[in-house]
Amino acid sequence: MINIVLVEPEIPQNCGNIARTCAATRSRLHLIKPLGFDISEKAVKRAGLDYWPMVDLRVYENLEHFFAENPDADLWLATTKAPRDYSQARFQDGCYLMFGKETAGLPEDLRRRYYDRCIRIPMRADARSLNLSNSVAILAYEALKQLDFPNLSGVGEMAAQEG
């Protein structure tokens, strides 16, 4: 299993797409407040997020709370300011992929503290960044690929079930 960590996410549609990716991949979703949207049961139902019950969700009051609850987290920080691209990372089972808020990314002090664990997605130099939910999907599937897609159905398995 992998862990997806969103630090102060702002856009509900991004979080919804990321939650769906987490549900489909059996990844745990960690949300660090403040959130730019409501995730109450009523709000989730109103948004029609029928997959939300499949999401293993953890919510934290702030970064300090997250680190207190996950002191030994095998962190990888996604940032456009990283020294290397994600293909150079070796993801382990239980790793944490951390992403910053849409308008500002991850805090600079966090990027400095974990500089050797910062990774980026290659893109053209004049493109600011990718959409947050796309970035999560790219890194989540790379990590899962390296782990041989644990507890997920593959194409061969699906064909055998249908045949």
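Right above here is the structure, for reference.
Given the structure is predicted, the values throughout are model-derived calculations rather than measurements.

**Points about helix H5 (residues 132-146)**
So, point 1. With 15 residues, H5 extends 21 Å between its outermost C-alpha atoms, agreeing within 8% with the 21 Å of an ideal straight helix rising 1.5 Å per residue.
So, point 2. When we look at burial in H5, the residues that qualify are Leu132, Ser133, Ser135, Val136, Leu139, Ala140, Glu142, Ala143 and Leu144.
So, point 3. Of the surrounding secondary structure, the elements contacted by the buried residues of H5 are strand S1 (3-7), helix H1 (12-25), strand S4 (75-78), strand S6 (96-99) and strand S7 (118-120).
So, point 4. Asp148, located one to two residues past H5, shows a positive phi value of around 65°.

**Focus on the nonpolar core**
So, point 1. With 32 residues, the main nonpolar core has Ile4, Leu6, Leu29, Leu97 and Phe99 as its most contacted residues.
So, point 2. Broken down by secondary-structure element, the contributors of at least two residues to this core are S1, H1, strand S2 (28-32), S4, S6 and H5.
So, point 3. The element that contributes the greatest number of residues to this core is H5, accounting for 6 residues.
So, point 4. Not counting residues up to four positions away in its chain, the partners in contact with Leu29 are Ile4, Leu6, Ile18, Ala19, Cys22, Val55, Asp56, Leu57 and Arg58.
So, point 5. If you look at the next biggest cluster of nonpolar residues, it comprises 16 residues, including Tyr60, Phe66, Phe67 and Cys118.

Procedures and definitions
- Residues numbered from 1 in each chain as written.
- Predicted model: local features only at pLDDT ≥ 70, side-chain atom pairs only at ≥ 80, totals over all residues.
- Heavy atoms only, no water.
- Helix = DSSP H or I, 4+ residues; strand = E, 2+ residues; numbered from the N terminus.
- Expected span 1.5 Å × (residues − 1).
- Buried < 20%, exposed > 50% of the residue type's maximum accessible area, 1.4 Å probe, protein only.
- Contact = heavy atoms within 4.5 Å.
- Core = buried A, V, L, I, M, F, W, Y, C linked by side-chain atoms within 4.5 Å.

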